[in-house]
Structure formats: structure tokens, C-alpha cells
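Chain by chain, the residues run as shown.
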Amino acid sequence: MKTISVVSPCYNEEDNVAVCYDTVKALFENELPDYNYEHIFIDNASNDGTVEVLRGIAEQDPNVKIVVNARNFGVFRSTFNGLRYATGDAIVVLLPVDLQDPPEMIPEFVQLWENGYDVVAGARNTREEGFFFRTARKFFYRTINSLSDVEMEPNVGEFQLVDRRVLDAVLAHNDHYPYIRGIIASCGFRRVIVPYTWKARKRGLSKHNMGALTDQALNAIFAFTRAPMRFCTLSGLVIAICCILFSIFSVIAYLVSPDQAPRGTMTIIVSLFFLSGVQLLFIGMLGEYITSIHNQVRGGPIVIEQEKINIDTPDTSEAKSSA
């Protein structure tokens, strides 16, 4: 029997983890009885009762594996680390415990995988969320696709089922801040997109605020595009040309009509503040790249684990410590 791995990161989700576990278990028992499964929960140092609930579940069901992080390392780092413990023939990269991405899509994903697709990606074509967030997400995907060397399907997140060889290719990336959906897209392989409705959260509060989403968006842009640096180069060239043209215009205006030519005080002040703002913008962009480089070359594990339950994989630990 083939095995399907399901990875679910969580943080302060004591109201949702048991529901998520029960839903996935019932789904495999009723709709995918010919498959084994493992459900890997990655806890990001929750300070409520999430770990206690998970520990109780794992004691009753050996198919449940748990990794408890020493602190909150963020959803991308913790999920990427959790994928290292997946042993299945196919892997659901991220199933959120709030079930906003519907687990009932998994049987369809598995069927498409059996039909030969290496990547079955869910696309959130309909979102049960506010107008502001919908608009911001559309703007982000249009921006990243217009700038990136890798085409990323709009509305596709980490709710994807990938073949084992795709996961091996993903895990071969040594990225300190992995943008998982971008890495999967950059790997290639045969892919199919399945649209679905992204549901509103029923229990608890979302941990993805505007600051976290902005950080993820900037990480995607700086990790998968060269556009910011090219923007700096082209902007500098345009500004230099404009300054030269303005200088020529000023000289001509002075020669033609000395009394009407600008004396330069206001021009100097405006130019000074404008160029200072541009320089600060470019320095900030360079800072983003330098920070990413610094974090990458500094090394160390992307996640520090505090506890593992129902997991015994020393080879994975060795690989993780060398990453």
C-alpha cells in the first residue's frame, strides 16, 4: 500500500488540531482506504494547550507524528522542516489545521497523482475573506509573476500534493527562509491546477497579520526575482539622464534669457531631497539582499526542535544539522 503524508503546522490552535486530525483520519478511512497515511503536526512553540492535545492524540495513534519547535520560527521554516520527516510516496505539503484549505480535496489530488501528475496544486479561485486582502493578494501575484523568472500560478499556495521525487528536489534547496510554493514552481515537473473555495476560519484567530504577509511577500520578491536590483540600475540611469538634460536646459535658458532663468536655490533643495530619498530606497533594497545573504551564509538549522513524538529518524536529524 502506498503512503500519503500530510503536514500541518500549527501555533496556538488547541481548538482546531483535534478537528483537523479527526477530519483527516475519517477521510482516509472512508475515501482512501487503500492507502496508508501519516499526519505530521509541526507546533511552533504554542503557549496554549495545543501540544497537550497533540500529545494525547499521538499516544492513541502511531500515524500521528509531532515536532515541537523551541520557539516560533514561522510557518514556512517550520513546514519545510516538517517535510523532512515525511516518508510517504506522495505528500500534502501544507494542510492548515483551521481547514481553510479543504481536506476533502485530498482524494481528488491523490487520483490526479495516480494519473501521472507529479504536482497537484490547489488554487484559491474563490476566497471567503475581505475585499482588502483579496485585492492585496491579487496585486502581489501580478507583481511577482511580472518580475519573476519562475511563473507562479495565481492563488496557488502550499496546499499541494507532490510526488516523492518532487519533495526530494524541494528538500535539496538549502534556503534559510524557504518560500515553498516558489521552490516547488521552480522545480518544474508535470503539474495540474485544481480550483477550490478557500473557506473562512471557523475557530480561533488567524496568525497571519498584515506584517507577516508583507514579510512573506518581500521574501518571495527578493528570493525569486532580480527586478529590485534592475530597478535600482535603471532608475539611477534615468535620474542621471534627467539631471544632465536639466543642466543643459538651465545653461540654454540662462544664455537665452538670463533674467528668467532659475537661480537654482529651490532646484538644489528639491533635487537634494529627491536624490536622498532615492538613495535611501536603494540602500533599503540592498539591505534586504545583504540580510538574506547574511542569514544564509551564517548557517545553522532553520528550526531548532524541542521535542519529537512518534519520530525516529536519525538520518534526517543529521541532514538537518548540516543544512
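Predicted model only: the values in this text are computed from it and were never measured.

Conventions used here
- Residues numbered from 1 in each chain as written.
- Predicted model: local features only at pLDDT ≥ 70, side-chain atom pairs only at ≥ 80, totals over all residues.
- Heavy atoms only, no water.
- Helix = DSSP H or I, 4+ residues; strand = E, 2+ residues; numbered from the N terminus.
- Buried < 20%, exposed > 50% of the residue type's maximum accessible area, 1.4 Å probe, protein only.
- Contact = heavy atoms within 4.5 Å.
- Areas by Shrake-Rupley, 256 points an atom, 1.4 Å probe, with all protein chains shown as cover.
- Phe/Tyr/Trp six-rings, centres within 6.5 Å; stacked < 30°, edge-to-face > 60°.
- Axes fitted to C-alpha atoms, helices over the stretch in contact; angles between N-to-C directions.
- Parallel < 35°, antiparallel > 145°, perpendicular 65-115°, else oblique.
- Nonpolar A, V, L, I, M, F, W, Y, C, P; charged D, E, K, R; others polar.
- Arc of directions from axis to C-beta.
- Polar contact = N/O pair within 3.5 Å; in protein donor to acceptor, adjacent residues only side chain to side chain.
- Patch = residues over 30% accessible without salt bridge, like charges linked within 9 Å, V, L, I, M, F, W, Y side chains within 5 Å.
- Salt bridge = Lys/Arg side-chain N within 4 Å of Asp/Glu carboxyl O.
- Core = buried A, V, L, I, M, F, W, Y, C linked by side-chain atoms within 4.5 Å.
- Disulfide = S-S within 2.5 Å.

(A) Quick look at the overall build of the protein. Looking only at helices and strands, one finds eleven helices and eight strands in the protein. In the protein, which comprises 323 residues, the proportion classed as buried is 46%. For the protein, the proportion of contacts with a sequence separation of at least 24, taken over those separated by at least 6, is 83%. Accessible area of the protein: about 16,700 Å², with a carbon and sulfur share of 59%.

(B) Seen up close, the packing of aromatic side chains. Under the definition given, this model contains four aromatic pairs. Measuring from ring centre to ring centre gives 4.7 Å for Phe28 and Tyr37, while their planes differ by 15°; the resulting arrangement is stacked. Across this residue pair, the class does not change: Phe28 and Tyr37 are buried. Taken together, a centroid distance of 5.6 Å and an interplanar angle of 85° make the contact between Phe76 and Tyr179 edge-to-face. Placement of the pair is Phe76 in helix α3 (residues 75–83) and Tyr179 in the loop between α6 (164–171) and α7 (180–187), with a sequence separation of 103 residues. Taking relative accessible area as the criterion, Phe76 reaches 4% and is therefore assigned buried.

(C) Region of the structure containing the packing of α3 against α7. Following both chains from N to C, one finds α3 and α7 inclined at 55°, their axes separated by 10 Å at the closest point. Overall, the two elements α3 and α7 adopt an arrangement that is oblique. Contacts between α3 and α7 pair Phe76, Thr79 and Phe80 from the former with Ile180, Arg181 and Ile183 from the latter. Its residues assigned to classes, the contact of α3 with α7 comprises four nonpolar, one polar and one charged.

(D) Quick peek at the side chain of Ser5. Along the chain, the position of Ser5 falls in strand β1 (residues 3–10). On the accessibility criterion, Ser5 (0% relative accessible area) is buried. For Ser5, the residues in contact, after removing those within four places along its chain, are Glu38, Ala86, Thr87, Gly88, Ala90, Ile91 and Val92.

(E) Focus on α6. Listed in full, the buried residues belonging to α6 are Val166, Leu167 and Val170. Relative to the axis of α6, the buried residues are bounded by an arc of 100° and lie together on one face. Sitting at the head of α6, Asp163 places a side-chain oxygen 3.1 Å from the backbone nitrogen of Arg165.

(F) Focus on a nonpolar patch on the surface. A contiguous nonpolar surface patch, about 1,000 Å² in accessible area, is contributed by Leu234, Leu237, Ile241, Ile244, Leu245, Ile248, Val251, Ile252, Leu255 and Val256. With respect to the element layout, Ile241 can be found in helix α9 (residues 227–256). On the basis of relative accessible area, Ile241 is assigned to the partly exposed category, the value being 42%.

(G) Examining the pattern of salt bridges more closely. According to the stated counting rule, one finds eight salt bridges in the structure shown. Between Arg124 and Asp101 there is a salt bridge whose closest N-O contact spans 3.2 Å. Separated by 23 residues along the polypeptide, Arg124 in strand β5 (residues 119–127) and Asp101 in the loop between β4 (90–92) and α4 (106–114) bring together distant segments of the chain. The exposure classification of Arg124 matches that of Asp101, with both residues buried. Salt-bridge contacts for Asp118 lead to Arg165; the nearest nitrogen and oxygen are separated by 2.9 Å. Placement of Asp118 in the loop between α4 and β5 and of Arg165 in helix α6 is noted, with a sequence separation of 47 residues between them. Linked through salt bridges whose partners overlap, the residues forming this network are Asp118, Asp163 and Arg165.

(H) Focus on the nonpolar core. Ranked by internal contacts, the top residues of the largest apolar core, which has 39 residues, are Ile4 and Leu161. The dominant element in this core, judged by the number of residues it contributes, is helix α1 (residues 17–30), at six residues. Excluding anything up to four places from it in sequence, Leu161 contacts Ile4, Ala90, Ile91, Val92, Phe109, Val110, Trp113, Asp118, Val119 and Val120. If you look at the next biggest cluster of nonpolar residues, it comprises 30 residues, including Leu83, Ile91, Val119 and Ile184.

(I) Representation of the state of the cysteines in the model. Within the structure shown, the criterion is met by zero disulfides. Cys10 provides the cysteine sulfur closest to Cys20, a residue in no disulfide bond, and the two sulfurs are 8.6 Å apart. Taking relative accessible area as the criterion, Cys20 reaches 0% and is therefore assigned buried.

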